[in-house]
Every structure is written in C-alpha cells, then in structure tokens.
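Letter by letter, the chains look like this.
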Amino acid sequence: MEFDAAGAARRLMTRLDDFCAFTDEPGKLTRLYLSPSYRAACEAFARLAEAAGMSARIDAIGNVRARYEGAAPHAPALMIGSHIDTVRDAGRYDGNLGALAGIAVVEQFRQRGVRLDHAIEVVAFGDEEGVRFSTAMTGSRALSGSLSASAMESRDRDGVTLAQALTAFGGDPERAYSCRARDVAAFVELHIEQGPVLEAKGLALGVVEAINGATRLLVTVEGLAGHAGCVPMELRRDAVAAAAEMILAVEERARAEVDLVATVGRLEVEPGAINVIPGLARFSLDVRSPRDEWRRRAVSDIHAACIAIAARRKVAAVFLPVHEAPAYACDLRVVAGLDRALAGLGQPAFRLPSGAGHDTMVMGGLAPSGMLFVRCAGGISHNPAEAITGEDCELAVAAMTRFAAEFRA
Ligand code: GLV
Ligand code: MN
Ligand code: MN
C-alpha cells in the first residue's frame, strides 16, 4: 500500500498550529481540562474526525472518541490517541500531536478506500496533565474503567469541583463511570519525546519500552502568621521558611538516587504580604522513578524528613496523596510491531524509557499498550519553545500508519 505521509504530515503540522487558537489565555497556549477552550478544541477535533470519515462523539468525561469501521462492522479496534488538554503556557505538540496524528492515520486509509480487518478508534483524552484539578489522566482512567470514586470531588483553584465543571462542560459525572471502552485490541500513542535522547543519538523516532511511575502529593505546612517587624527570629513559626527547608530535603533525597526525580512545581503562601510572617505554605510534590519500590521508598523518606523539619520548627505538615501511577512496561507485541514499522521505513531500531507520564500507562490496564516517540528540539517540553520538524512528523505518521496497517487484533 502506498501512502502519502508527506501530505498528511503537512496537514497535521498546520492543524497543530491551528489548535493553538483554543486557549484559555490569549497570547499563550493554556487549555485546561473542561474549560471553554477545551470544549472548542473537542468540537474542532470531532469535526476533523467526521471529515475524515469517522463517527465522532464527546463522551461523558469529556474525551473525544471517533471510530473508523473495519471491513466488518463491530470489529475489535486498534485505539490511537493522546491528550488535548495542556499545561499552562504549553508547547503545541505535547498530547495534541498524538491525538491529531490518529486522524492523519485514518485519512491515509480513507483516501485509498481501505478498510482493515480491525476498526481504528481515535481518542483525544482530557486531563492527562492534571493541572486544573488534583486528579490526572481522568479521561484515560474513565476509558479504562479505573476512575477513582473520589475523583469528582477534586477541586480547582476556584473551588469548582470536577463534577460541577464536567456538568457545565456538558458531560455527566454519573455516566463518567460507565465510559469503559469495549473491544479494544490494543492502544498506541505517538508523543514527542520531551527529553534530549533521540536528538543526541541523531534519530527521528524511538520505541518506548517502559514508562516511569509517579506519585503526586499536596503538602500543607501550618505555622503562625505574625508581624514581620515584631516577632524575634527564634520565636517564629514561619511556614515558608519550613517549606523551603522541606523543599531542599526533597531535592537532596532525589539527588541521592540514580534515575529518581522529584519536583516541587507549585508553592503558595498565605497570607502573602510583605510585612507578615507566613502562617501557611502549600506545595506540590511529584516523585518519579522507573522502579516502583525506589519511588515508594523515596516518598516515605521525604515524608519522614519533612515531619522532622516540621517538629523542629514547631509547624504542622500534612501530606495529601493525589495521584499514583505505577511504572508500566509497554506491551511486547505492540513494541515489536512498532520496531517492525520503523524497520520497514529504514529507520534504525531504538528503544528508550519515558520519564514523563502518559495516558498509555493507564490504558495498559485495559488493553496491550505502547508508544512511539518523535524527536523534539533540545528535548524541550512543557514550554512554548517545544518544536518538531516536518520531516520527523512525516516519519512518525508513516510509522503509525504502517503499524496500523500491519496490526492484527
Ligand atoms: C505529563 O506531562 C507528566 O507530567 O508526565
Ligand atoms: Mn503529554
Ligand atoms: Mn505534558
């Protein structure tokens, strides 16, 4: 079968640019789960899928699901997709590339009038990033039937619950628990690498062999607010000074172990005035490792270190776990299929792990799952400077199309 990956990649790159218009913050790409711009992106995605010959709908949790039937109706599906929510001030490729690439793959078959032995389901997930609520991967969790009972009570910065936001979006908090997909033979996700390895090796593509596990927590430190001019240093219970010491303990613990990373990405201070000793500090903690036991041990050590710091400084520290995803070893059949697709394109075989979390690790609970990485400039991601080349995009579309064509359910 001859495909036109060059034309498909050109259209895909244009669509990725066009999708930057769906943003909550003009001048930046910020598309938080269930926001009006997220809704607009879902609708545009569904329209593109329908134009590509698929039936498309937005499900009860706010994923877009589109289906290209196989030669026989109701055949098991190869699911292809990624997320279309973004971090704040994001790059345009994280997530959006893999979701829109699913449509590009279907267009390759549709244009040639080809129906495969299996269906192709293209999915655009919501809330992979976990930026708006304290949940993460909510869309793929609902699709794989692993949405936690408490997810709907999670609140955003304005106190809006996930259930309220979902209802306002047009979703359905109750039916969200019945979104589990049926007859999925496998799931495959194309994504930018978000790291520098492929670029350093001079390779456009790499097959992901495993995805690191992650733990996320919110830590609240409670001290005593007071007058910045009147309370002597030794009598203070400064929540921010305590949090600062805890954050350095986080860094020290992570540095002590190869392949373990820990990040404090959010820090809030109350009351937040120049002349007030802070009474409260809240920070987020994200710990990742390829080995679940290393990650769990590090979280436990960090917890113990923070409690000791809190005791010495006479403040309270409360840890709230909000996300836990075990490491995922990609399915060997999917990995081998992607290896073959690369070989068929004359691309060198190369496998690598993923430091970032992906919907694939959740979809692995539903069906055999795997991922293909494409090189990104400087390994930069979660940054508006994120970039890929048109040539690499063409290879990625060609590899995904080959994989889909050769896939056997
Ligand atoms: C998703 O981008 C993650 O935080 O790994
Ligand atoms: Mn992503
Ligand atoms: Mn991301």
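Just so it is clear, the structure is predicted and the values come from calculations on it, not from any experiment.

K.L.:
Can you walk me through the overall build of the protein chain in this structure?
P.N.:
When helices and strands are counted, the protein chain shows 11 helices and 16 strands. For 409 residues, the compact-globule estimate of 2.2 N^0.38 gives 22 Å, and the C-alpha radius of gyration of the protein chain, at 22 Å, lies within 12% of that figure. Taking all 409 residues of the protein chain together, 54% fall into the buried category. Of the contacts made within the protein chain by residues no fewer than 6 positions apart, 78% connect residues no fewer than 24 positions apart. As displayed, the protein chain offers around 17,100 Å² of accessible surface, 53% of which is attributable to carbon and sulfur atoms. Of the side-chain charges in the protein chain, 44 are positive and 52 negative, and the distance between the mean point of each set is 2 Å.

K.L.:
Help me out: how do you make sense of the pairing of strand S6 (residues 205-211) in this one?
P.N.:
Each regular strand shows side chains that alternate between the opposite faces of the sheet. Counting buried positions along S6 yields 5 of 7 residues, so the element is predominantly enclosed. Taken together, the 4 bridges between S6 and strand S16 (residues 369-374) define a ladder with antiparallel strand orientation. Considered in S16, the bridge of valine 208 is made with methionine 371. Two strands pair when backbone bridges link them, and S6 and strand S15 (residues 351-354) are joined in this way by 4 bridges, in the parallel orientation. Looking across to S15, one finds that valine 207 is bridged to arginine 351. Sheet analysis places S6 next to strand S14 (residues 328-329), joined by 2 bridges and oriented antiparallel.

K.L.:
Looking at this structure, I do not really get the pattern of salt bridges. What am I missing?
P.N.:
Opposite charge on two side chains permits them to pair, given that their charged atoms come into close proximity. Summed over all chains, the structure comprises 27 salt bridges. Between glutamate 257 and arginine 253 there is a salt bridge; the shortest N-O distance is 3.1 Å. A single burial state applies to glutamate 257 and to arginine 253, both of which are buried. One salt bridge in this structure joins arginine 282 and glutamate 268, with 3.3 Å as the shortest N-O distance. In this pair, arginine 282 is assigned in strand S12 (residues 280-289) and glutamate 268 in strand S10 (residues 267-270), connecting sequence segments 14 residues apart. Judged by its relative accessible area of 26%, glutamate 268 is partly exposed. Several salt bridges converge on common partners, so that one network encompasses Arg65, Arg67, Glu69 and Glu121.

K.L.:
What is the right way to look at the coordination of the manganese ion (ligand 3) in this model?
P.N.:
Under ideal tetrahedral coordination, the four donors around a metal are separated by 109.5 degrees; under ideal octahedral coordination, the six donors are separated by 90 or 180 degrees. Protein-derived ligands of the manganese ion (ligand 3) are Asp94 (OD), Glu129 (OE), Glu129 (OE) and His382 (NE2), with the metal-ligand distances lying across 2.1 to 2.6 Å. Coordination of the manganese ion (ligand 3) draws on donor residues from a single chain, spaced D-x34-E-x252-H in sequence. Between the two metals, the manganese ion (ligand 3) and the manganese ion (ligand 2), the spacing is 3.5 Å, and aspartate 94 donates to both. Pair noted here: aspartate 94 is in the loop between strand S3 (77-83) and helix H3 (96-111) and histidine 382 is in the loop between S16 and helix H11 (390-406), with a separation of 288 residues, a long-range link.

K.L.:
I'm lost on the coordination of the manganese ion (ligand 2) in this one. Help?
P.N.:
Here the manganese ion (ligand 2) is held by the protein donor atoms His83 (NE2), Asp94 (OD) and His191 (NE2), which lie 2.0 to 2.3 Å from it. Along the chain, the residues donating to the manganese ion (ligand 2) fall in the pattern H-x10-D-x96-H. The class for histidine 83 is buried, based on a relative accessible area of 0%.

K.L.:
Looking at this structure, how should I read the environment of glutamate 189?
P.N.:
Tracing the backbone shows glutamate 189 in strand S5 (residues 184-192). Glutamate 189 sits 211 residues away from methionine 400 along the chain, and the two C-alpha atoms are 8.9 Å apart. Excluding anything up to four places from it in sequence, glutamate 189 contacts Gly81, Ser82, His358, Asp359, Thr360, Gly370, Met371, Leu372 and Met400. A polar side-chain atom of glutamate 189 sits 2.6 Å from a polar atom in the side chain of serine 82.

K.L.:
I'm lost on the nonpolar core in this one. Help?
P.N.:
In globular proteins that are soluble, nonpolar side chains generally tend to be buried together. Formed by 93 residues in total, the largest nonpolar core has its most connected members in Leu97 and Ile120. Setting aside its immediate chain neighbours within four residues, isoleucine 120 contacts Ala66, Arg67, Tyr68, Leu78, Ile80, Val105, Val106, Phe109 and Ala404. Counting residues in hydrophobic clusters, the runner-up holds 24 residues, among them Ala254, Leu285, Ala298 and Ala317.

K.L.:
I keep staring at the packing of helix H1 (residues 5-18) against H3 and nothing clicks. Help me out?
P.N.:
Each pair of packed helices gets described by two things: the angle between the helix axes and the distance between those axes. Look at H1 against H3: their axes get within 10 Å of each other, and the N-to-C directions meet at 145°. Of the two possible hands of crossing, H1 and H3 adopt the one that is right-handed. In this structure, H1 uses Ala5, Ala8, Arg11, Leu12, Arg15 and Leu16 to contact H3, whose residues at the interface are Asn96, Leu97, Leu100, Ala101, Ile103, Glu107, Gln108 and Gln111.

K.L.:
Just to check I follow, could you spell out the site of ligand 1 for this structure?
P.N.:
Every residue close to ligand 1 is listed here: Glu128, Glu129, Arg216, Arg288, Ala356, Gly357 and His382. Within the side chain of arginine 216, one N or O atom sits 2.9 Å away from an oxygen atom of ligand 1. For ligand 1, the protein covers 93% of the area, taking 190 Å² as the surface of the free molecule. Grouping the constituent residues of the shell around ligand 1 by class yields 1 nonpolar, 2 polar and 4 charged.

K.L.:
When you look at H1 in this model, what are you seeing that I'm missing?
P.N.:
Residues lying three or four places apart along an α-helix face the same way, a consequence of the helix completing one turn every 3.6 residues. The end-to-end C-alpha distance of H1, which contains 14 residues, comes to 20 Å, matching closely the 20 Å that a straight helix rising 1.5 Å per residue would cover. The secondary structure elements touched by the buried residues of H1 are helix H2 (36-51), H3 and H11.

K.L.:
For this particular structure, what's the right way to read the side chain of glutamate 386?
P.N.:
When you line up the elements, glutamate 386 lands in the loop between S16 and H11. One buried charged residue, glutamate 386, forms no salt bridge at all, with the nearest opposite charge on arginine 92 at 7.3 Å. There is a polar contact of 2.9 Å between the side chain of glutamate 386 and the backbone nitrogen of tyrosine 93.

So, how was this worked out
- Residues numbered from 1 in each chain as written.
- Chains lettered and ligands numbered in written order.
- Predicted model: local features only at pLDDT ≥ 70, side-chain atom pairs only at ≥ 80, totals over all residues.
- Heavy atoms only, no water.
- Helix = DSSP H or I, 4+ residues; strand = E, 2+ residues; numbered from the N terminus.
- Rg over C-alpha atoms; globule rule 2.2 N^0.38 Å.
- Buried < 20%, exposed > 50% of the residue type's maximum accessible area, 1.4 Å probe, protein only.
- Contact = heavy atoms within 4.5 Å.
- Areas by Shrake-Rupley, 256 points an atom, 1.4 Å probe, with all protein chains shown as cover.
- Lys, Arg positive; Asp, Glu negative; His and termini not counted.
- Charge placed at Lys NZ, Arg CZ, Asp CG, Glu CD.
- Pairing = 2+ DSSP bridges.
- Salt bridge = Lys/Arg side-chain N within 4 Å of Asp/Glu carboxyl O.
- Donors = N, O, S within 2.8 Å, 3.2 Å for Na, K, Ca; no water.
- Polar contact = N/O pair within 3.5 Å; in protein donor to acceptor, adjacent residues only side chain to side chain.
- Core = buried A, V, L, I, M, F, W, Y, C linked by side-chain atoms within 4.5 Å.
- Axes fitted to C-alpha atoms, helices over the stretch in contact; angles between N-to-C directions.
- Left-handed = near helix turned anticlockwise from the far one by under 90°.
- Near = heavy atom within 4 Å.
- Nonpolar A, V, L, I, M, F, W, Y, C, P; charged D, E, K, R; others polar.
- Expected span 1.5 Å × (residues − 1).

Read these as geometric descriptors, not functional statements.
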